[in-house]
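Here are the chains, one letter per residue:
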Amino acid sequence: MQASSIMGQRLQAFQPAAVRQQRGAHVQTTCKDSRIGKVPVPVPDKVTVTVNGQHVVVKGPKGELQRTFHPLVVLEREENLFRVKRADESRQAAQQHGLQRTLLSNMIMLGVGYRAAVAGNNLTLNVGYSNPVQMTIPQGLTVKVEKNTTIEVSGFDKELVGQFSANVRSKREPEPYKGKGVRYSDEVVLRKEGKRGK
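Everything numeric in this text was worked out from a predicted model, so none of it was measured.

Quick notes on the rules
- Residues numbered from 1 in each chain as written.
- Predicted model: local features only at pLDDT ≥ 70, side-chain atom pairs only at ≥ 80, totals over all residues.
- Heavy atoms only, no water.
- Core = buried A, V, L, I, M, F, W, Y, C linked by side-chain atoms within 4.5 Å.
- Buried < 20%, exposed > 50% of the residue type's maximum accessible area, 1.4 Å probe, protein only.
- Helix = DSSP H or I, 4+ residues; strand = E, 2+ residues; numbered from the N terminus.
- Pairing = 2+ DSSP bridges.
- Axes fitted to C-alpha atoms, helices over the stretch in contact; angles between N-to-C directions.
- Phe/Tyr/Trp six-rings, centres within 6.5 Å; stacked < 30°, edge-to-face > 60°.
- Lys NZ or Arg CZ within 6 Å of the ring centre and 35° of its normal.
- Expected span 1.5 Å × (residues − 1).
- Arc of directions from axis to C-beta.
- Polar contact = N/O pair within 3.5 Å; in protein donor to acceptor, adjacent residues only side chain to side chain.

**Things to note about the nonpolar core**
Point 1. Leu 123, Leu 125, Phe 164 and Val 168 are the most contacted members of the largest nonpolar core, which has 16 residues in total.
Point 2. Sort the elements by how many residues they give to this core and helix H2 (residues 158-170) lands first, with 3 residues.
Point 3. Membership of the second largest hydrophobic core comes to 15 residues, among which are Val 58, Leu 75, Phe 82 and Ile 108.

**A short note on the sheet that holds strand S6 (residues 55-60)**
Point 1. If you trace the 3 strands from one edge of the open sheet to the other, you get S5-S6-S7, paired in antiparallel fashion. Here the strands that pair on one side only, and so sit at the sheet edges, are strand S5 (48-52) and strand S7 (63-68). Adjacent strand axes in the sheet meet at a mean angle of 10 degrees when their direction is disregarded.
Point 2. In this structure, S5 lies alongside S6, joined through 5 bridges in antiparallel fashion. Its bridge partner being in S6, Thr 48 is matched across the sheet by Lys 59.

**Examining the pairing of strand S11 (residues 122-126)**
Point 1. For strand S10 (residues 115-119) and S11, the ladder comprises 5 bridges, and the chain directions are antiparallel. Within S11, the position partnered with Ala 117 by the bridge is Thr 124.
Point 2. Taken together, S10 and the strand that follows it, S11, pair antiparallel across an intervening segment of 2 residues, in which Gly 120 is found at a positive phi of about 65 degrees.
Point 3. Where S11 and strand S12 (residues 133-136) come together, 4 bridges link them in antiparallel fashion. Bridge pairing in S12 places Thr 124 opposite Gln 134.
Point 4. Between S11 and S12, which pair antiparallel in sequence order, lie 6 residues; one of them, Gly 128, sits at a positive phi of approximately 95 degrees.

**Remarks on unusual backbone geometry**
Glycine aside, negative phi is the norm for most residues, and most peptide bonds take the trans geometry.
Point 1. Although it is not a glycine, Glu 79 sits at a positive phi angle of roughly 55 degrees.
Point 2. When you line up the elements, Glu 79 lands in the loop between strand S8 (73-78) and strand S9 (81-86).
Point 3. For Glu 79, a relative accessible area of 74% gives the class exposed.

**A few points about the packing of aromatic side chains**
Point 1. Tallied over the full model, the rule gives 0 aromatic pairs.
Point 2. The lysine or arginine in question, Arg 172, covers the ring of Tyr 129, its NZ or CZ lying 4.3 Å from the ring centre.

**Concerning the sheet that holds strand S4 (residues 41-42)**
Point 1. Strand order in this open sheet of 3 strands is S4-S9-S8, and the pairing throughout is antiparallel. The sheet terminates laterally at S4 and S8, the two strands that pair on one side only.
Point 2. The pairing of S4 with S9 spans 2 bridges and is antiparallel. Directly across from Val 41, in S9, lies its bridge partner Phe 82.

**Examining the environment of Val 39**
Point 1. One can find Val 39 in the loop between strand S3 (26-31) and S4.
Point 2. By relative accessible area, which is 15% here, Val 39 ends up buried.

**What to know about the pairing of S9**
Point 1. Across 6 bridges, the pairing between S8 and S9 is antiparallel. Bridge pairing links Arg 77 to Phe 82 in S9.
Point 2. Two successive antiparallel strands, S8 and S9, enclose a turn made up of 2 residues, where Glu 79 displays a positive phi of approximately 55 degrees.

**A look at H2**
Point 1. The end-to-end C-alpha separation of H2 is 18 Å, in line with the 18 Å expected for 13 residues at 1.5 Å each.
Point 2. Where H2 is concerned, the buried positions are Val 161, Phe 164, Ser 165, Val 168 and Arg 169. Buried residues of H2 fall within an arc of 140 degrees about the axis and therefore sit on the same side.
Point 3. Backbone nitrogen of Glu 159 and a side-chain oxygen of the N-cap are separated by 3.0 Å at the start of H2; the cap is Asp 157.

Quick look at the structure:
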């Protein structure tokens, strides 16, 4: 979930940070790993992910999505999760790292069946309950839904933006095992390892 304010309080999925290292007479510029980009993307049960080069197809009980990812990132599969890595150490690759990981996570989230929609003054959340969750959008806020899984909240009142965003998140907070749930675009969910069978 992405929360923003017209007053300039927009949450970014990734903000690159540069580190300059002095080596002799040369200055080498490298970029730190993206805090978002380095988090693995889990693949839930009943969701299949097919990768052909940079083209990815995600199929789940609720639909199918396709996307061609930027050539400056590499997609690697490890059992039931994916890792998005930079193809090189350039600043451009660092800028794409967190964004491309977020795009992949959003695609797989559709396979889980979670989705949102705005109709009039109501936000509808389908987040795994038997019935959809209906929320009335407060006056003074604008809520947009992109690709069924990304919610953007904006308005002049920063406090109201934050409160409504927190209310939306509370309807299905991220769980620590598979990371499923509603979360902020720059939120990192600390994962726990599930119990292993003997």
